[in-house]
Amino acid sequence: VVVPTLEEILLAKAKVQYDDAVFHFAVAGIAGSGKSSLINALRGLNNNDPNAAPTGVNETTLEISRYVDTAHPQQFAWYDIPGSGTLRTPDWQYFNSQGLYVFDCILVLFNDRFTTIDLAILANCHRFQIPTFIVRSKSDQHILNLMMDMGYDPDEENTDRRAQFYKVARQRYISGTRRSIKRNLAEANLSDQRVYIVSKKTLLGTVKDQGPKGIIDEVELLTDL
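Right, let's walk through the structure included here.

Rules and cut-offs
- Each chain carries its own residue numbering, running from 1 in the direction its sequence is written.
- Only residues with pLDDT of at least 70 get local features here, since the model is predicted, and only at 80 or more are side-chain atom pairs given and counted; chain-wide, interface and lining totals rely on the full set of residues.
- Where side-chain values are given, they derive from all heavy atoms of the structure, hydrogens and water being excluded.
- For every residue, the accessible area (1.4 Å probe, protein chains only) is compared with the maximum for its type, and the residue is labelled buried under 20%, exposed over 50%, or partly exposed between those bounds.
- By definition, any uninterrupted DSSP run of H or I lasting at least four residues is a helix, any uninterrupted run of E lasting at least two residues is a strand, and each is numbered from the N terminus.
- Whether two strands pair comes down to DSSP finding at least two bridges between them.
- What makes a salt bridge here is a side-chain nitrogen of Lys or Arg within 4 Å of a carboxyl oxygen of Asp or Glu, nothing more.
- Axis definition: a line fit to C-alpha positions, over the contact stretch in the case of helices; interaxial angles, taken between N-to-C directions, run 0 to 180 degrees.
- Here the word oblique covers every angle except those under 35 degrees (roughly parallel), over 145 (roughly antiparallel) and from 65 to 115 (roughly perpendicular).
- Left-handed describes a crossing whose near helix is turned anticlockwise from the far helix by less than a right angle; the clockwise case is right-handed.
- We call two residues contacting when some pair of their heavy atoms lies within 4.5 Å.
- Following the grouping adopted for this structure description, the nonpolar residues are Ala, Val, Leu, Ile, Met, Phe, Trp, Tyr, Cys and Pro, the charged ones are Asp, Glu, Lys and Arg, and the polar ones are all others, Gly among them.
- In protein, a polar contact means a hydrogen-donor-capable atom and an acceptor-capable atom, both N or O and within 3.5 Å, with residues adjacent in sequence counting only if both atoms are side-chain atoms; elsewhere, any N or O pair within 3.5 Å suffices.

### Some thoughts on the pairing of strand 3 (residues 76-80)
Alright, step 1. Burial within strand 3 is extensive, with four of its five residues counted as buried.
Alright, step 2. One ladder, built from four bridges, connects strand 2 (residues 65-68) with strand 3; its direction is antiparallel. Among the inter-strand pairings, Arg66 is bridged to a residue of strand 3, identified as Tyr79.

### Regarding the pattern of salt bridges
Close approach of charged atoms allows side chains of opposite charge to pair.
Alright, step 1. The tally for this structure, following the rule as stated, stands at four salt bridges.
Alright, step 2. The residue Asp192 makes a salt bridge to Lys182 at a minimum N-O spacing of 3.1 Å. Remark: Lys182 occurs in helix 6 (residues 159-187) and Asp192 occurs in the loop between helix 6 and strand 6 (195-197); sequence separation between them is 10 residues.
Alright, step 3. When the shortest N-O distance is used, the salt bridge between Arg194 and Asp217 registers 2.8 Å. Highlighted residues: Arg194 in the loop between helix 6 and strand 6 and Asp217 in the loop between helix 7 (200-207) and helix 8 (218-224), separated in sequence by 23 residues.
Alright, step 4. Here Asp217 falls in the buried class, since its relative accessible area comes to 3%.
Alright, step 5. A cluster of three or more residues bridged by salt bridges with shared partners is formed by Arg178, Arg194 and Asp217.

### Remarks on the packing of helix 2 (residues 35-42) against helix 7
Alright, step 1. The contact between helix 2 and helix 7 brings their axes to 8 Å, and the two run at 20°. Looking at the two axes, helix 2 sits roughly parallel to helix 7. With respect to the hand of their crossing, helix 2 and helix 7 are arranged in right-handed fashion. In this structure, helix 2 uses Ser37, Leu38, Ala41 and Leu42 to contact helix 7, whose residues at the interface are Lys200, Leu203, Leu204 and Val207.
Alright, step 2. Grouping the constituent residues of the contact of helix 2 with helix 7 by class yields six nonpolar, one polar and one charged.

### Some points on the environment of Asp224
Alright, step 1. Mapped onto the elements, Asp224 comes out in helix 8.
Alright, step 2. Of the residues examined, Asp224 reaches a relative accessible area of 40% and is grouped as partly exposed.
Alright, step 3. Once residues lying within four places of it in the same chain are set aside, the contact partners of Asp224 are Phe133, Arg194 and Tyr196.
Alright, step 4. Within the structure, the side chain of Asp224 is placed 2.5 Å from the side chain of Tyr196, a separation counted as a polar contact.

### So, the side chain of His24
Alright, step 1. With respect to the element layout, His24 can be found in strand 1 (residues 23-28).
Alright, step 2. Exposure remark for His24: the relative accessible area of 0% places this residue in the buried category.

### Observations regarding the packing of helix 5 (residues 139-149) against helix 6
Alright, step 1. Between helix 5 and helix 6, whose axes approach to 9 Å, the crossing angle comes to 115°. Considering how the two elements wind past one another, helix 5 and helix 6 form a crossing that is right-handed. Side by side, helix 5 and helix 6 meet where Ser139, His142, Ile143, Leu146 and Met147 of the first sit next to Arg162, Phe165, Tyr166, Ala169, Arg170, Arg172 and Tyr173 of the second.
Alright, step 2. By residue class, the composition of the contact of helix 5 with helix 6 is seven nonpolar, two polar and three charged.

This is the structure in structure tokens:
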């Protein structure tokens, strides 16, 4: 464990415009996991809104980006952390090199698979006593992919048949995700913790109180945050 010096802590805080009166959320994870889209949804913004974090097929975040919470600008700030894999930094150095030790809470976001960098972030957060949330993104797309693997045709107009496919695929996806995270944490000798399964569209609808369909863990994530 490399403990940052007081000078490094002060520099890291200055870099992110740390304010003792504000709660600072960082969203970290590998490149392409959907960090910018998650931050936009949590701020009640679509990806194409004027003040939204930039998104794209390629990793768009190469420096830490700060975004004020639209509903509570004096209370919360969100930070988009450069994805591992876009920087020439070993996994074990990523936490310190990004100055993640200055944040008040860190969301570890993943899309397809949980990686060694995700586990390293969690382990370091535990050492620095920083609260963490594990979040899996793009769940609507993952569930659709499972449905198609099971034989579902997206062009099919039979709504009852679609509902049957969706119910089975949704449960399979949720149970598989929870089981996988539990195993990964145990193998890394980390304490078990919940994984929040979300999609940006449903999360945005939840933030805007629009009663969206397909809710999995969006409400619980917002409540617990």
